[in-house]
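A look at the structure
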Amino acid sequence: MKTIPLNQPPPPPPGPEAALAAIDRFRQLISNGSWFAAVGARLTAAELGEAASYLAALAVGRWTINPVADWAEAKALAKGASWDPSWQDAERELHERLFAQARRLIVGVALIDALDRVTEAASDAVNGAAALVSARSGAADPALLRVATTAATQACYQAALALATGGNADHPFSTKHRLFAAGRWPLGVIHGQFHVF
């Protein structure tokens, strides 16, 4: 599968109208996600492939994939997380680069307005899903669900940025978003492992 290493430029961005249209189409599909519906289930071969593609696209470390079994393990990881700084830096650098590129492409407030609409749609969708998960699982406490919904909302924002700047389905932010939308929670990289709930 083709990847987009962090140290190579992304494909040429679309024009501003096409970029805004792509963001809006993406926003309209957010509610179709299976947010958190698959947490705790065994990772499928396709999901393992998506996780591996995401890590390869970041191109900053040799990390293994660790399936997270339950909410207790997810809570322990999220609460005492020693996030890998190279993973955090890679995501932050990619985010900042995409945002700067998008601002050059889409002038004025149109970009911020479009991304705000994505964030609002994502927040509505993932919080609704989290409420269902909470009702069905006594192990999912409200504080942990807030961490999960914040991460899922951010993944939607990042995926929208990737679309706005010409990123394709192999972009790491697009791949991470698909894991979330498929019902997973990619927690992040800790001690050399990419933890996926």
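The following refers to the structure shown. (Residues numbered from 1 in each chain as written. Predicted model: local features only at pLDDT ≥ 70, side-chain atom pairs only at ≥ 80, totals over all residues. Heavy atoms only, no water.)

As a further point, take the packing of helix H4 (residues 85-105) against helix H7 (residues 172-181). Between H4 and H7, the shortest axis-to-axis distance is 11 Å and the interhelical angle comes to 115 degrees. The orientation of H4 relative to H7 falls into the category roughly perpendicular. Residue-level contacts link Glu91, Leu94, His95 and Leu98 of H4 to Pro172, Phe173 and Lys176 of H7. Taken together, the residues of the contact of H4 with H7 break down into 4 nonpolar, 1 polar and 2 charged. (Axes fitted to C-alpha atoms, helices over the stretch in contact; angles between N-to-C directions. Helix = DSSP H or I, 4+ residues; strand = E, 2+ residues; numbered from the N terminus. Parallel < 35°, antiparallel > 145°, perpendicular 65-115°, else oblique. Contact = heavy atoms within 4.5 Å. Nonpolar A, V, L, I, M, F, W, Y, C, P; charged D, E, K, R; others polar.)

This brings us to the packing of aromatic side chains. All chains considered together, the criterion is met by 4 aromatic pairs. Both rings, one in Trp83 and one in Trp87, keep their centres 5.8 Å apart while their planes meet at 50 degrees; by these two values the pair is tilted. Classification of Trp83 by relative accessible area gives partly exposed; the value is 26%. Here a set of aromatic residues connected by ring pairs shows up, and it is made of Trp71, Trp185 and Phe197. (Phe/Tyr/Trp six-rings, centres within 6.5 Å; stacked < 30°, edge-to-face > 60°. Buried < 20%, exposed > 50% of the residue type's maximum accessible area, 1.4 Å probe, protein only.)

Before going further, it helps to spend a moment on the environment of Asp89. One can find Asp89 in helix H4. Expressed as a C-alpha distance, the spacing of Asp89 and Thr44, which sit 45 residues apart in the sequence, is 28 Å.

Looking now at the side chain of Thr175. Looking at the element boundaries, Thr175 is found in helix H7. The residues contacting Thr175, other than those within four sequence positions of it, are Glu50, Ser53, Tyr54, Ala169 and Asp170.

The sheet built from 3 strands is open, its strands ordered S1-S3-S2 with mixed pairing. If you trace the sheet from one side to the other, it starts and ends with strand S1 (64-67) and strand S2 (186-190), each paired once. On average, each strand axis in the sheet is tilted by 25 degrees relative to the strand beside it, whichever way the strands run. Of the pairings in the sheet, the one linking S2 to strand S3 (residues 193-196) comprises 4 bridges and is antiparallel in character. Along S3, the bridge assignment pairs Gly188 with His195. (Pairing = 2+ DSSP bridges.)

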